Amino acid sequence: MLVTSPFAGADRVKLPMMQPLRRPSIIDQAELELRNAIYYGQLRPGDGVPEVQVSREMGISRSSLREACQRLVRDGLLTQHPGRGLFVTTMDAATMTDFIDYRLGIEMQAATNVAEHVTALRTSGEEEQIPALLAPLRECVERTRRALRAEEVIEAGNADLDLHQRLAEISRNRFLATAMNTIVILTRMGTFSDPRGYGVRADLTETHEALVAALEAGDASTARKVLRESLRDLAARLRGGGEEQELVRDPDLLETDGPEWTALEADPRSTP
């Protein structure tokens, strides 16, 4: 028997115009390279992005570079100054206040999700899964501890940001995780904007341990409180207000000599 498709003729479903699926393009790779350059301090707040030089070093067209740059403008990582070009965004006090409010919303929701998941595992008798769930966070705590002992300030900062990224990832909400991808870079830009030099709190591991302990207990309220206090302290420090916290600073990260470009490659912070 001949079966007529329900989508044939007048009943055909009208779909929006679809674009062919493609593998990551050269523009995607250029965007990643620029993000990494900002994250790792090769491009610092206030640095220009010289279009001719950068496109030549990357081996791509200027039009491709422009498209990649516009993605970073959209996310607030670059700022377009008419007649002058593109510059890495410098975060002023007002921008930092707005950013911290945004970051608080993302991270406190992530912490709530994780704490509720821990509680659900404990309630359902699957408590043995909790250590594996929180293992990425504990790994970051230990990285921070080792870096501070070795006085490796930038690595301590990397471990700190990785912990917050991992928190969003284990929240099981892809939108929170995606938002954190940009948030960690914006945070790094804020700390690089500090005229007193790049620094991290000396008690960073204590803050991390308090957060992980609250999550392990399924205590979302305490986890949110730890995040709120930590991020508000960060905002006060970068705005130059309030009492100076005990910080570990790296005097070599006060100034930049300009961008140092490397070949396009995968994000070293990502895992397979």
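Note that the structure is a prediction, hence the values are computed from the model and not measured.

*Asks:* Mind showing me how you'd approach the overall build of the chain here?
*Replies:* The number of helices and strands found in the chain is nine helices and four strands. For the chain, the succession of helices and strands along the chain, N to C, is α-α-α-β-β-α-α-α-α-β-α-α-β. Taken across its 272 residues, the chain has 45% of its residues classed as buried. If you take every contact in the chain between residues at least 6 apart in sequence, the share linking residues at least 24 apart comes to 76%. Counting only carbon and sulfur atoms, one obtains 52% of the accessible surface of the chain, whose full area is about 15,100 Å².

*Asks:* So what exactly am I meant to see when it comes to the pairing of strand 2 (residues 85-88) here?
*Replies:* When a strand is regular, its side chains alternate between the sheet's two faces. Where strand 1 (residues 78-81) and strand 2 come together, four bridges link them in antiparallel fashion. Paired with Thr79 across the strands is Phe87, a residue of strand 2.

*Asks:* It is not clear to me how the environment of Leu65 should be interpreted in this structure. Could you clarify?
*Replies:* Relative to the elements of secondary structure, Leu65 occurs in helix 3 (residues 62-74). Separated by 37 residues in the primary sequence, Leu65 and Asp28 place their C-alpha atoms 9.9 Å from one another. Residue contacts for Leu65: discarding those within four places in its chain leaves Leu34, Glu51, Val54, Ser55, Met58 and Ile60.

*Asks:* Would you mind going over the environment of Ile185 with me for this structure?
*Replies:* Inspection of the secondary structure puts Ile185 in helix 7 (residues 174-192). By relative accessible area, which is 1% here, Ile185 ends up buried. Sequence separation of Ile185 and Tyr39 is 146 residues, and the distance between their C-alpha atoms is 5.3 Å. Dropping the residues within four chain positions of it, Ile185 is found in contact with Arg35, Ile38, Tyr39 and Leu77.

*Asks:* Explain the packing of aromatic side chains here, please?
*Replies:* For any pair of aromatic rings, the description consists of the separation of the ring centres together with the inter-plane angle of the planes. All told, the structure shown has one aromatic pair when counted by the stated rule. An angle of 80 degrees between the planes, with centres 4.9 Å apart, marks the rings of Tyr39 and Tyr40 as edge-to-face. Lying across the ring of Phe87, Arg84 places its NZ or CZ 4.8 Å from the centre. Above the ring of Tyr39, the side-chain terminus of Arg188 is found at 4.6 Å from the ring centroid.

*Asks:* Whenever I open this one, the nonpolar core confuses me. Can you help?
*Replies:* Across soluble globular proteins, nonpolar side chains show a tendency to be buried alongside one another. Counting 63 residues, the largest nonpolar core has Ile38 and Leu215 as the members making the most contacts within it. Counting residues per element, this core draws most heavily on helix 4 (residues 93-123), which supplies 12 residues. Every residue in contact with Ile38, bar those within four places of it in the chain, is listed here: Leu43, Leu72, Leu77, Leu78, Val88, Ile185, Arg188, Met189 and Phe192. Core analysis: the next-biggest nonpolar cluster, separate from the first, contains eight residues, Leu148, Val153, Ala156 and Leu204 among them.

*Asks:* Looking at this model, I keep getting lost on helix 7. Mind explaining?
*Replies:* Helical geometry: 3.6 residues make up each α-helical turn, so side chains three or four residues apart lie on a common side. If you check helix 7, its first and last C-alpha atoms are 28 Å apart, about what 19 residues at 1.5 Å a residue would give, namely 27 Å. Considering bend angle alone, the principal kink of helix 7 is centred on Asn181 and spans about 25 degrees. Along helix 7, 15 of the 19 residues are buried, which leaves the element largely enclosed by surrounding structure. Backbone nitrogen of Phe175 and a side-chain oxygen of the N-cap are separated by 2.9 Å at the start of helix 7; the cap is Asn173.

*Asks:* Teacher, can you tell me more about helix 8 (residues 204-216) here?
*Replies:* With 13 residues, helix 8 should reach 18 Å at 1.5 Å per residue; the first-to-last C-alpha distance of 18 Å fits that figure. For helix 8, the set of buried residues is Leu204, Thr205, Thr207, His208, Leu211, Val212, Ala214 and Leu215. One or two positions beyond helix 8, positive phi appears at Gly218, with a value near 70 degrees.

*Asks:* Honestly, the pattern of salt bridges in this entry has me stumped. Any pointers?
*Replies:* A side chain of one charge can pair with a side chain of the opposite charge if their charged atoms are brought near each other. Overall, the coordinates contain 17 salt bridges when judged by the stated rule. Ionic pairing is found between Arg143 and Asp162, a salt bridge with its closest N-O pair at 2.7 Å. Within this pair, whereas Arg143 is found in helix 5 (residues 130-149), its partner Asp162 is found in helix 6 (residues 153-169), the two being separated by 19 residues in sequence. Comparing Arg143 with Asp162, the two get one shared label, buried. Ionic contacts of the salt-bridge type, sharing partners, join the residues Asp28, Glu31, Arg35, Arg71, Arg74 and Asp75 into one network.

*Asks:* Even after reading the chapter, I still don't get the packing of helix 5 against helix 8, so can you show me in this structure?
*Replies:* Any two packed helices are characterised by how steeply their axes cross, that is the angle between the axes, and by the distance between the axes. Direction vectors running N to C along helix 5 and helix 8 enclose 170 degrees, while the axes themselves pass 9 Å from each other. Between helix 5 and helix 8, the angle falls in the class roughly antiparallel. For the pair helix 5 and helix 8, contact is made by Ile130, Leu134, Leu137, Arg138, Val141, Thr144, Arg145 and Leu148 and by Leu204, Thr205, His208, Glu209, Val212, Leu215 and Glu216, respectively. The residue makeup of the contact of helix 5 with helix 8, split by class, is eight nonpolar, three polar and four charged.

The rules behind these values
- Residues numbered from 1 in each chain as written.
- Predicted model: local features only at pLDDT ≥ 70, side-chain atom pairs only at ≥ 80, totals over all residues.
- Heavy atoms only, no water.
- Helix = DSSP H or I, 4+ residues; strand = E, 2+ residues; numbered from the N terminus.
- Buried < 20%, exposed > 50% of the residue type's maximum accessible area, 1.4 Å probe, protein only.
- Contact = heavy atoms within 4.5 Å.
- Areas by Shrake-Rupley, 256 points an atom, 1.4 Å probe, with all protein chains shown as cover.
- Pairing = 2+ DSSP bridges.
- Phe/Tyr/Trp six-rings, centres within 6.5 Å; stacked < 30°, edge-to-face > 60°.
- Lys NZ or Arg CZ within 6 Å of the ring centre and 35° of its normal.
- Core = buried A, V, L, I, M, F, W, Y, C linked by side-chain atoms within 4.5 Å.
- Expected span 1.5 Å × (residues − 1).
- Bend = angle between axes of the 7 residues up to and from the residue.
- Polar contact = N/O pair within 3.5 Å; in protein donor to acceptor, adjacent residues only side chain to side chain.
- Salt bridge = Lys/Arg side-chain N within 4 Å of Asp/Glu carboxyl O.
- Axes fitted to C-alpha atoms, helices over the stretch in contact; angles between N-to-C directions.
- Parallel < 35°, antiparallel > 145°, perpendicular 65-115°, else oblique.
- Nonpolar A, V, L, I, M, F, W, Y, C, P; charged D, E, K, R; others polar.

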